[in-house]
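Single-letter residue listing:
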Amino acid sequence: MAEVQVWAKVGSADEREDEAGIAHFHEHMLFKGTERRGLGEIAGDIEGRGGYLNAYTGFDVTVYHATLPSESVDIGVDVLADATQHSVFAEEEVEREIEVVLEEIRRSDDTPHHVLGDVVFETAYEVHPYRRPILGTPDSVRSITGARVADFYRRWYRPDNLMVVGVGDFDAERFIASVAEAFPAEASAPRRRRRAAEPEVAAPRCRVVHRPFERGCLELCWPTVPFDHPDTPWLDLLAFILGEGESSRLVRRLKEEADVADRIDASSYTPLDAGLFGASADFDPNDLPALVSGLAGQIEQLRHEPVSAAELDKARANFLAAEHWERESVSGQARKLGTFELLAGDASREAEYLSRVAAATPVDLLEVARRWLNPERALLGAVLPEDTRVDEHALREALSSGVERCLQRYRAPRRSPAAAGASDVES
């Protein structure tokens, strides 16, 4: 099998203020027909050869990908080059797709974790465009026209702003030649991303929204680093230790022992610009204060006590195994190459990333936790059932109490003056 991917260096964070949701909407439209292929023919040319075609939109990139037999890799290049450079945007198809995307937004509004994601990013980013939902809003989507989609297309979908990744059992030189022919170079100034810089978080932030859901979900997170930062591998390892797998700290201590969460995990999100390190959980609303306090305490412990060598070695082994499994498919390999090329600036940077994972020590993880997981920079978003009587002030109190209880374990006990004097004499 072979994988052909076209990475467009544009995502929802590159939209203008009046374009919310257009990057994602544009992704939908690229399979609707080109100057050479009519409606349905783009997917048909791939599927007719036993292949699979799809796409996704993120904050920083939009990716179009085809998985198909190796002998048909030239067709994959031709179809994706045609779609990303020669699409047409018939007004009737735009109107039809508006309804599709509006239904996608309605479904997401009925999904607790999707609602939580929007809450967290709106809380974490006050000026940076990561704060806006990738899907856009119902009003912004309804305002989309064929002309606006075409304008976005002309602005961003040019050969100098596209990258092709190919993985599989095929002739590499022939593949490169077919890409060069399908994406002719053009003389133009490269597109420049213009994004507002996010100011430093000066104090903890909490945001609570209520929805007609039965259970609650939350995320406690901290602003951290972009993908190409040297701390990224250590934050990834820290997330594994904290909340990846049934033997991780959060699962053992808060889900199994304290029984204050139905599901709990941790992650490190490092996009093109500064990302977030966080822990998320599903829970019974009655357990919310105890859960928040427990989470804050577990994070604070990482800033005061190195993880054990055995704990680090286990997390490292599991992390590298997961990385290996991602490369078991041609699509997984292509995704890794594209990610490091666009977010780190060079696909070869993956070797540097893996070497830092292999060489990480408990002291390294202690220092990275101290550097980024300061409780004064904590961000908390929660989605609660409508009848839950817990407000943002109560959650701040729970955060503070969890940190304080942890700190008490690391403070030296105070001695009375008499005891201190006796000790001095004895010495």
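Residues numbered from 1 in each chain as written. Predicted model: local features only at pLDDT ≥ 70, side-chain atom pairs only at ≥ 80, totals over all residues. Heavy atoms only, no water.

Asks: Please provide a residue-by-residue account of the overall build of the protein chain, values included.
Replies: Secondary structure summary: the protein chain contains 17 helices and 9 strands in total. Seen through its C-alpha atoms, the protein chain measures out along the principal axes to roughly 95 × 50 × 40 Å. Split into buried and exposed, the 427 residues of the protein chain put 51% on the buried side. Within the protein chain, residue pairs in contact and separated by at least 24 positions form 82% of the contacts whose partners lie at least 6 positions apart. (Helix = DSSP H or I, 4+ residues; strand = E, 2+ residues; numbered from the N terminus. Buried < 20%, exposed > 50% of the residue type's maximum accessible area, 1.4 Å probe, protein only. Contact = heavy atoms within 4.5 Å.)

Asks: Give a description of the environment of P230 that names residues and reports values.
Replies: Following the sequence through the fold, P230 ends up in the loop between β6 (216-223) and α9 (232-243). Each C-alpha atom of the pair P230 and R356 lies 8.2 Å from the other, and the pair is 126 residues apart in sequence.

Asks: Explain the sheet that holds strand β7 (residues 263-269) to me, using residue names and the numbers behind them.
Replies: Read from one edge of the open sheet, 5 strands run β5-β9-β6-β8-β7, paired in mixed fashion. Of all the strands in the sheet, the pair left with one neighbour each is β5 (205-211) and β7. Strand-to-strand twist of the sheet, defined as the mean angle between neighbouring strand axes without regard to direction, takes the value 15°. Sheet topology places β6 next to strand β8 (residues 276-283); 8 bridges connect them, and they run antiparallel. Its bridge partner being in β8, G216 is matched across the sheet by F283. Along the sheet face, α9 touches β7 and β8 and points at about 175° away from the line of β7. (Pairing = 2+ DSSP bridges. Axes fitted to C-alpha atoms, helices over the stretch in contact; angles between N-to-C directions.)

Asks: A description of helix α12 (residues 309-326) should follow, citing residues and the corresponding values.
Replies: Between the first and last C-alpha of α12 there are 26 Å, a value that for 18 residues agrees with the 26 Å anticipated at 1.5 Å per step. What α12 keeps buried is the set E311, L312, A315, R316, F319 and E323. Along α12, the residues classed as buried sweep out an arc of 130° about the axis, all on the same side. Exposed residues on α12 whose side chains face more than 90 degrees from its buried face are A310 and W325. Against the buried residues of α12 lie α9, α10 (249-257), α13 (330-343), α14 (349-359) and α15 (362-372). (Expected span 1.5 Å × (residues − 1). Arc of directions from axis to C-beta.)

Asks: Pulling in residues and values, what's your account of helix α3 (residues 73-86)?
Replies: Because each turn of an α-helix spans 3.6 residues, side chains separated by three or four positions in sequence point in the same direction. Here α3 is 14 residues long and its end C-alpha atoms lie 19 Å apart, about the 20 Å a rise of 1.5 Å per residue gives. Among the 14 residues that make up α3, 10 are buried, leaving the element largely enclosed by the rest of the structure. Considered for burial, the residues of α3 that qualify are V73, G76, V77, V79, L80, A81, D82, A83, T84 and Q85.

Asks: Can you explain the sheet that holds strand β3 (residues 62-68)? Please cite residues and give values.
Replies: Reading across from one edge, β2-β3-β1-β4 is the order of the 4 strands in this open sheet, with antiparallel pairing throughout. At either margin of the open sheet sits one strand with a lone partner, and together these are β2 (52-57) and β4 (162-168). When the angles between neighbouring strand axes are averaged without regard to direction, this sheet yields 15°. With 7 bridges joining them, strand β1 (residues 2-8) and β4 adopt antiparallel strand pairing. Bridge pairing in β4 links E3 to V167. Where α3 meets the sheet, it contacts β1, β2, β3 and β4, and its direction lies at approximately 20° from that of β1.

Asks: I'd like a rundown of the nonpolar core, residues and numbers included.
Replies: L218, I264, L291, L295 and L395 are the most contacted members of the largest nonpolar core, which totals 58 residues. Here this core takes 8 residues from α9, the largest share from any one element. Not counting chain neighbours up to four residues away, the residues in contact with L395 comprise C206, V208, L288, V292, L380, A382 and V390. In this structure, V4, A8, V149 and Y153 belong to the second largest nonpolar core, which totals 43 residues. (Core = buried A, V, L, I, M, F, W, Y, C linked by side-chain atoms within 4.5 Å.)

Asks: So what's going on with the packing of α12 against α14? Which residues, and what values?
Replies: The contact between α12 and α14 brings their axes to 10 Å, and the two run at 155°. Compared by their axis directions, α12 and α14 come out roughly antiparallel. The chirality of how α12 crosses α14 is left-handed. Of the residues in α14, those in contact with R316, F319, L320 and E323 of α12 are Y353, L354, V357, A358 and A359. Looking at the contact of α12 with α14, its residues break down into 7 nonpolar, no polar and 2 charged. (Parallel < 35°, antiparallel > 145°, perpendicular 65-115°, else oblique. Left-handed = near helix turned anticlockwise from the far one by under 90°. Nonpolar A, V, L, I, M, F, W, Y, C, P; charged D, E, K, R; others polar.)

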